Amino acid sequence: GAVVSQHPSWVICKSGTSVKIECRSLDFQATTMFWYRQFPKQSLMLMATSNEGSKATYEQGVEKDKFLINHASLTLSTLTVTSAHPEDSSFYICSAPTGRITGELFFGEGSRLTVL
Amino acid sequence: AQSVTQPDIHITVSEGASLELRCNYSYGATPYLFWYVQSPGQGLQLLLKYFSGDTLVQGIKGFEAEFKRSQSSFNLRKPSVHWSDAAEYFCAVGTSGGYQKVTFGTGTKLQVIP
């Protein structure tokens, strides 16, 4: 079946640096992808909707200049955490619609970011 | 706006015992309902979904869930739990208006003891 893959699965960086996380749809095209953030012992919070060929749509309270999203092709969306700080440390998960039913999503494996 | 409530943060069951995880939703129209499972440090896997038809839906790994409109509930059940079922379970509601309107509950962490 269709699969969504994220890379890297974990990354450690210094404060002030930028980190890029990739989300790829394997064997299917995704015009839309979603980026979630999950804090420890909490639920997934939708950060933004990535749209192929157009600007991402950010949820209220999410800094678009800090979390840059680029959906360069039908199989790739990237999330760049710019000038990362320790409070950005989190588990970031991407997802893409299966196309079979509204709301049904394939999820990536997640990327754990630790900012020192 | 839709919302999902999972009242149980943490549940412990013995291996072989039955399991029921509660989920209540709030949405004005007919919802799309999902249960996802997340193993430690990993992404989410779809267990089952409901969007219409039979209110009792079967999923993978022996799980089932029943949609009860009168109670706004979509509880997840399994007759006999296995140690490998230990994970975090998320109930989610999707609207009919677009892909992005999927709201997750806060999750229930399941611990299975021998």
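Residues numbered from 1 in each chain as written. Chains lettered and ligands numbered in written order. Predicted model: local features only at pLDDT ≥ 70, side-chain atom pairs only at ≥ 80, totals over all residues. Heavy atoms only, no water.

Engineer: Which residues make up the environment of S18(A), and what values go with them?
Structural biologist: All names here are of chain A. Mapping S18 onto the fold places it in the loop between β2 (10-13) and β3 (19-26). A relative accessible area of 47% means that S18 is categorised as partly exposed. Residues contacting S18, with those up to four places away along its chain left out, are T80, V81, T82 and S83. A polar atom in the side chain of S18 sits 3.4 Å from the backbone nitrogen of S83. (Helix = DSSP H or I, 4+ residues; strand = E, 2+ residues; numbered from the N terminus. Buried < 20%, exposed > 50% of the residue type's maximum accessible area, 1.4 Å probe, protein only. Contact = heavy atoms within 4.5 Å. Polar contact = N/O pair within 3.5 Å; in protein donor to acceptor, adjacent residues only side chain to side chain.)

Engineer: Outline the packing of aromatic side chains, listing residues and values.
Structural biologist: Inspection of the entire model under this criterion finds 13 aromatic pairs over all chains. Ring geometry for F67(A) versus Y92(A): centroids 6.2 Å apart, planes at 45°, classification tilted. On the criterion of sequence distance, the pair formed by F67(A) in strand β7 (residues 67-73) and Y92(A) in strand β9 (residues 90-97) is long-range, its members being 25 residues apart. On the accessibility criterion, Y92(A) (0% relative accessible area) is buried. Clustering of aromatic rings is evident, with ring pairs tying together Y36(A), F107(A), F34(B), Y36(B) and F104(B). (Phe/Tyr/Trp six-rings, centres within 6.5 Å; stacked < 30°, edge-to-face > 60°.)

Engineer: Tell me about a nonpolar patch on the surface, and name the residues and values.
Structural biologist: Taken together, W10(A), I12(A) and L116(A) make up a surface patch of nonpolar side chains, about 390 Å² in accessible area. By the element assignment, I12(A) lies in strand β2. (Patch = residues over 30% accessible without salt bridge, like charges linked within 9 Å, V, L, I, M, F, W, Y side chains within 5 Å. Areas by Shrake-Rupley, 256 points an atom, 1.4 Å probe, with all protein chains shown as cover. Salt bridge = Lys/Arg side-chain N within 4 Å of Asp/Glu carboxyl O.)

Engineer: An account of the environment of Q29(A) is requested, with residue identities and associated values reported.
Structural biologist: Mapped onto the elements of the fold, Q29(A) is located in the loop between β3 and β4 (32-38). Put simply, Q29(A) and E59(A) are 30 residues apart on the chain and 23 Å apart in space, counted from C-alpha to C-alpha.

Engineer: Give a detailed account of the state of the cysteines, specifying residues and quantitative values.
Structural biologist: All names here are of chain A. Across all of its chains, the model carries two disulfides over all chains by this definition. Two residues share a disulfide in this structure: C23 and C94, whose sulfurs sit 2.0 Å from each other. Since a negative S-S torsion denotes a left-handed disulfide, the C23-C94 link at about 80° is right-handed. Taken together, the residues span a long stretch of sequence, with C23 in strand β3 and C94 in strand β9 at a distance of 71 residues. A relative accessible area of 0% means that C23 is categorised as buried. Left unpaired, C13 is separated from the closest cysteine sulfur, that of C94, by 18 Å. (Disulfide = S-S within 2.5 Å.)

Scope: geometric values only; no functional claims are made or implied.
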